[in-house]
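Coordinate inspection notes
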Amino acid sequence: MIKKIAAFIVLISLAACGTSKPHIQTTKADNDRKKAQREKAYAAHSRKPKTTTKAKTTKEKESVTLVATSKTTVYSEQVKQYVDNYKGIAQTNMKKHGIPASIILAQGILESGAGYGDLAVNANNHFGIKCHNDWTGDKVYHDDDTAQECFRKYPTAAGSFEDHAVFLTGRSRYAELFKLDKDDYESWAKGLRAAGYATDPKYPEKLIGLIERFELAQYDQEVLGGKVKPKPVIVKDQPALVEAEKLPAQVKTPKVVAPGTTVTVTTPAEKAPATITPAATIQQAGSPQPPDTIVAQSYTVAQGDTLYSISKKHNTTVDELIRLNSLEGNAISIGQVLKVR
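These lines cover the structure that appears in this document, whether it is placed above or below. Predicted, not measured: the structure shown is a model, and the values here were computed from it. (Residues numbered from 1 in each chain as written. Predicted model: local features only at pLDDT ≥ 70, side-chain atom pairs only at ≥ 80, totals over all residues. Heavy atoms only, no water.)

Scanning the protein from terminus to terminus reveals 11 helices and 11 strands. Every one of the 341 residues in the protein was classed for burial, and the buried ones make up 34%. Residue pairs at least 24 apart in sequence account for 55% of intrachain contacts in the protein once pairs closer than 6 positions are excluded. (Helix = DSSP H or I, 4+ residues; strand = E, 2+ residues; numbered from the N terminus. Buried < 20%, exposed > 50% of the residue type's maximum accessible area, 1.4 Å probe, protein only. Contact = heavy atoms within 4.5 Å.)

Spelled out as structure tokens, the structure:
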């Protein structure tokens, strides 16, 4: 009997071992398959991030870095889109309040990062106007000259443009600005800094650079009803050279007269009006005369020149001058030689 019981137990043990073996094999196969799937997914994921780098670097060449209440880098096309969006409001405020549209747009671009800066996005504040004691509207806090300064918050961007105009017209420290010509954006830019609108010593230069690079002065002229004209180059204490046209030998030329004088040269053979050399080609008396046709490849910066005025003289653009001369901005100096072609 004992032998039968022992034999029965052995049979049961052998049966148990036989049924558990396939289960172990199945589990290992599943684990191997899952491991292979994980490795394949990881490899596929690790190959993805190569595509974004090139697209970003190609546009970086066209970027504009704007530093006012926050440092924001935007593309030229975004700045142009900002101008298209708000030029109508700027011109309306020029008519209503007497502030040049070019100045309004340039300040808006600079202070708001062309609409992409923190204050513009979070508070519709396009001009970096702080709360001051008289502000009763909504507020936001932002690091500027000191940490967490109070800035005004507006329900719409249009509200910010209107408040900017009221801010300038309603404060006596800006009164001198409104005595300036409406098309004299350079004086307006310098006047804003002098009146304390901004603490950055380069603030006027930044505004003027934006106005000239994106040709914002045209919106002033549209309101004033005139055409955009480059500012003349004024050379002090230099007489104009008058050259007679095909005169007989007995008439001594050239003659030196005071600037602005109208001269008529009379000869025995005929009466021929004198030809006054344009300001761009004025030569000092006694210097060699240029040939009849000169195609200028370079230009020497004179007093009163800006990139905008130089670009108009040579039938090019501010952006092209910046590219040709590898300039970092719109700043130029007297005596600097610029490539124009």
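Quick look at the state of the cysteines now. Taken as a whole, this structure holds 1 disulfide when the rule is applied. Between the sulfur of Cys131 and that of Cys150 lies a disulfide, 2.0 Å long from S to S. Across the S-S bond linking Cys131 and Cys150, the dihedral sits near -65°, which makes this disulfide left-handed. Taken as a pair, Cys131 in the loop between α5 (118-123) and β3 (139-142) and Cys150 in strand β4 (residues 149-152) lie far apart in primary sequence, 19 residues in all. (Disulfide = S-S within 2.5 Å.)

Time to look at the environment of Asn122. Mapping Asn122 onto the fold places it in helix α5. Expressed as a C-alpha distance, the spacing of Asn122 and Tyr154, which sit 32 residues apart in the sequence, is 9.4 Å.

Another point: helix α4 (residues 101-112). An ideal rise of 1.5 Å per residue puts 16 Å on 12 residues; α4 measures up with 16 Å between its terminal C-alpha atoms. Taken across its 12 residues, α4 has 12 buried, putting it largely inside the fold. For α4, the full list of buried residues reads Ala101, Ser102, Ile103, Ile104, Leu105, Ala106, Gln107, Gly108, Ile109, Leu110, Glu111 and Ser112. Following α4 by one or two positions, Gly113 adopts a phi angle in the positive range, close to 65°. (Expected span 1.5 Å × (residues − 1).)

Next up on the list: the environment of Asn325. Assignment of secondary structure puts Asn325 in the loop between α11 (318-324) and β11 (337-339). Taking the C-alpha atoms as reference points, Asn325 and Val340, 15 residues apart in sequence, are found 8.5 Å from one another. Each residue touching Asn325, except ones within four places of it in the same chain, is listed here: Val337, Leu338 and Lys339.

Limitation: the analysis is restricted to geometry and does not speak to function.
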